[in-house]
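Here's the letter readout for the chains.
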Amino acid sequence: MGVLGASGARQTISRVLLTVRMSSSSSSPLLLINDPKYSFLKELGLKEENAGVFNGQWAATGPVVESVAPASNSVIAKVQNGTVADWEKAIAATQQAHKQWRTVPAPKRGEIVRQIGDKLRHNLTNLGKLVSLEMGKIQAEGIGEVQEYVDICDFATGLSRSLAGQVLPSERPGHALLEQWNPLGVVGIISAFNFPCAVYGWNNALALVCGNSCIWKPAPTTPLTAIAVTKLVESVLVENKLPGSLCSLVCGEGDVGQALVKDKRVNLVSFTGSTEVGRIVGQQVQGRFGKVLLELGGNNAIIVNDDADLDMVIPAAVFAAVGTAGQRCTTTRRLLVHEKVYDEVVERMTRAYAQFESRIGDPLEANTIIGPLHNQHGVLKYKAAIAEAIASGGKVAYGGKVLERDGNYVLPTIITGLKGDAEVVIRETFAPILYVIKISNLDEAIELNNSVSQGLSSSLFTNNIQNVFKWIGPEGSDCGIVNVNIPTSGAEIGGAFGGEKETGGGRESGSDSWKQYMRRSTCTINHSKQLPLAQGIKFE
Ligand code: NAD
């Protein structure tokens, strides 16, 4: 393990490029899919080369790309991407499937989603390992992602019997006033690399019980997970004699994403990704008066008040800052610590990070708790942020180094000495970098928490009930997720998930998020023989 300078970084990138070139020009034994260690790939139905488009049939016409394992930068298997022409075929089939599906009673739709959940349950470990291999998160987190999809299927199955509208009192005699929730049509799902399975699951399960068909454009670097998930869903649809195009897939780059965003046949665009791309997507969908659900970047803080239980703070903050190697939208990026406990917190956090150093490694190994970054792009961003932090007066209390080994490994990093409004602090860098900032009271901490442009997740550690209710109320956190005595990451599916401001304002998963996947019809039904007008208007 050692420090990697600029020339070292160049060597690593050359090694990566060499691996990719060798794999593309050499015979198949170099693909990980042919290594018995990764036999779960073939058990999931993956092959050396996979069609990345499903519209009821598997057929793609775009370029063949390689999916690479972040732990070694070796090629797992190949995928033939979709083109805009493939998109055209898929969206037409997906729209057609909706016309059949919308007439199926909601509880029967729920039964299909229950079966999808069961199928995932039986493939939990294999699929979890694939998520881990392709994304780079540790196996426990990979399996946890699939478990989230299973959980939301259970939730959606129950929901399918209670998609309730209200019956409201009409002011007119002999009239009924009620709400009926109807399907939207086609839900287009664009997902990010860091949750290649769960994000689709949240959308897919709810969209289906609400009577919609789905079309998915996954991140370009995690296509194998998308193909394996779609194959499992396909098997349920086939067993139930339903059209496969109810859950279509088009793997590809931004051009396919743009085709989805601009297509009027896509009634709801559910986009998960960076604020930068989300800003464009949101405006484009609004421009055609489509519905949009945005789940964008975060810059999440934990406040450690002077009355916090530090034995809880340290493990919680470490989990939320270094878990998934800092590549969760809910990763803790700012630790706002009361001056009375600041020195102790920095010292204990630094010690905890050092203890985990020996457990950075292959995400599929049982002992590993910190995996690699997803790709070299992430490593470059990590290095640039640390250089900027140092140039702005920050001090590296721990880490700050790229590890000299195959794969995209970096040391999780703690930076002290920066102001809460430093450029690098207010930006989301998708890497395990934690900025520890000193605060002198809770009001100042809340102001800092709310001062960034993102508004996803936030936590307060305190033992004071007055602080708790201030924090969750109108003078408290302005985020979508507001926690007390737990970290910023690790949300359950039962609540609505999402954030405010530049996080996009969307809500997915539990609570009443389902309403975003349906259109509300307000129905007034006259069952009398008179025609009274509202507001007592006489028109005679
Ligand atoms: P990204 O914005 O680079 O890509 C997201 C998706 O958008 C990919 O599928 C990509 O191919 C597609 N895309 C890119 N350009 C497009 C365009 N012009 N039109 C349509 N689609 C386009 O994000 P990423 O690097 O994959 O993911 C990391 C980001 O996602 C982070 O900012 C993270 O915070 C955020 N994220 C948010 C949540 C949430 O729930 N709030 C969850 C996961 C990730």
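Residues numbered from 1 in each chain as written. Predicted model: local features only at pLDDT ≥ 70, side-chain atom pairs only at ≥ 80, totals over all residues. Heavy atoms only, no water.

- The protein has the name aldehyde dehydrogenase (NAD(+)) in an unreviewed UniProt entry, where Mesorhabditis spiculigera is given as its organism.
- Per UniProt, the protein carries the Sequence similarities (unreviewed entry) text "Belongs to the aldehyde dehydrogenase family." (UniProt positions renumbered as here; feature names shortened; annotations may be inferred.)

## Comments concerning the sheet that holds strand 2 (residues 53–54)
At step 1: An order of 2-9-8-7-10-11 is seen for the 6 strands of this open sheet, with the pairing classed as mixed. Edge strands, defined here as strands with exactly one partner in the open sheet, are strand 2 and strand 11 (291–295).
At step 2: Judged from the 2 bridges that link them, strand 2 and strand 9 (residues 247–250) form a sheet pairing that is antiparallel. Paired with Phe54 across the two strands is Leu249, which belongs to strand 9.
At step 3: Sheet strands touched by helix 3 (residues 84–101): strand 2, strand 7 (186–190), strand 8 (213–217) and strand 9. Its angle to strand 8, the strand with the most contacts, is close to 155°.
At step 4: Contacting strand 7, strand 8, strand 9 and strand 10 (268–272), helix 9 (residues 254–262) runs over the sheet at an angle of about 150° to strand 7. (Pairing = 2+ DSSP bridges. Helix = DSSP H or I, 4+ residues; strand = E, 2+ residues; numbered from the N terminus. Contact = heavy atoms within 4.5 Å. Axes fitted to C-alpha atoms, helices over the stretch in contact; angles between N-to-C directions.)

## Observations concerning the site of the ligand
At step 1: The ligand sits among 27 residues. The nearest are Ser191, Lys217, Ser274, Leu296 and Glu428.
At step 2: At a separation of 3.2 Å, an oxygen atom of the ligand approaches a polar backbone atom of Phe193.
At step 3: Relative to its unbound accessible area of 850 Å², the ligand is 86% covered by the protein chains.
At step 4: Elements with a contribution of two residues or more to the shell around the ligand: helix 9, strand 10 and helix 10 (275–287).
At step 5: Here the shell around the ligand takes 3 residues from helix 9, the largest share from any one element.
At step 6: A class-by-class count of the residues in the shell around the ligand yields 15 nonpolar, 9 polar and 3 charged. (Near = heavy atom within 4 Å. Polar contact = N/O pair within 3.5 Å; in protein donor to acceptor, adjacent residues only side chain to side chain. Areas by Shrake-Rupley, 256 points an atom, 1.4 Å probe, with all protein chains shown as cover. Nonpolar A, V, L, I, M, F, W, Y, C, P; charged D, E, K, R; others polar.)

## Considerations on the sheet that holds strand 6 (residues 175–183)
At step 1: Read from one edge of the open sheet, 3 strands run 5-6-23, paired in antiparallel fashion. Each edge of the sheet is formed by a strand with only one pairing partner; in this case those strands are strand 5 (167–168) and strand 23 (518–526).
At step 2: As paired strands, strand 5 and strand 6 are joined by 2 bridges and run antiparallel to one another. Across the sheet, Val167 pairs through a bridge with Leu178, a residue of strand 6.

## Points about the packing of aromatic side chains
At step 1: Tallying each qualifying case throughout the model produces 8 aromatic pairs.
At step 2: Seen from their ring centres, Tyr149 and Tyr200 are 6.2 Å apart, and the 85° between their planes marks the pair as edge-to-face. Of this pair, Tyr149 sits in helix 6 (residues 139–159) while Tyr200 sits in helix 7 (residues 198–209), and the two are 51 residues apart along the sequence.
At step 3: A residue is classified by how much of its surface remains accessible, and Tyr149, at 0% relative accessible area, is buried.
At step 4: Tyr200 gets classed as buried once you look at its relative accessible area, which sits at 1%.
At step 5: Between Trp202 and Phe497, the aromatic rings sit 5.0 Å apart at their centres with planes inclined by 55°, giving tilted as the arrangement. (Phe/Tyr/Trp six-rings, centres within 6.5 Å; stacked < 30°, edge-to-face > 60°. Buried < 20%, exposed > 50% of the residue type's maximum accessible area, 1.4 Å probe, protein only.)

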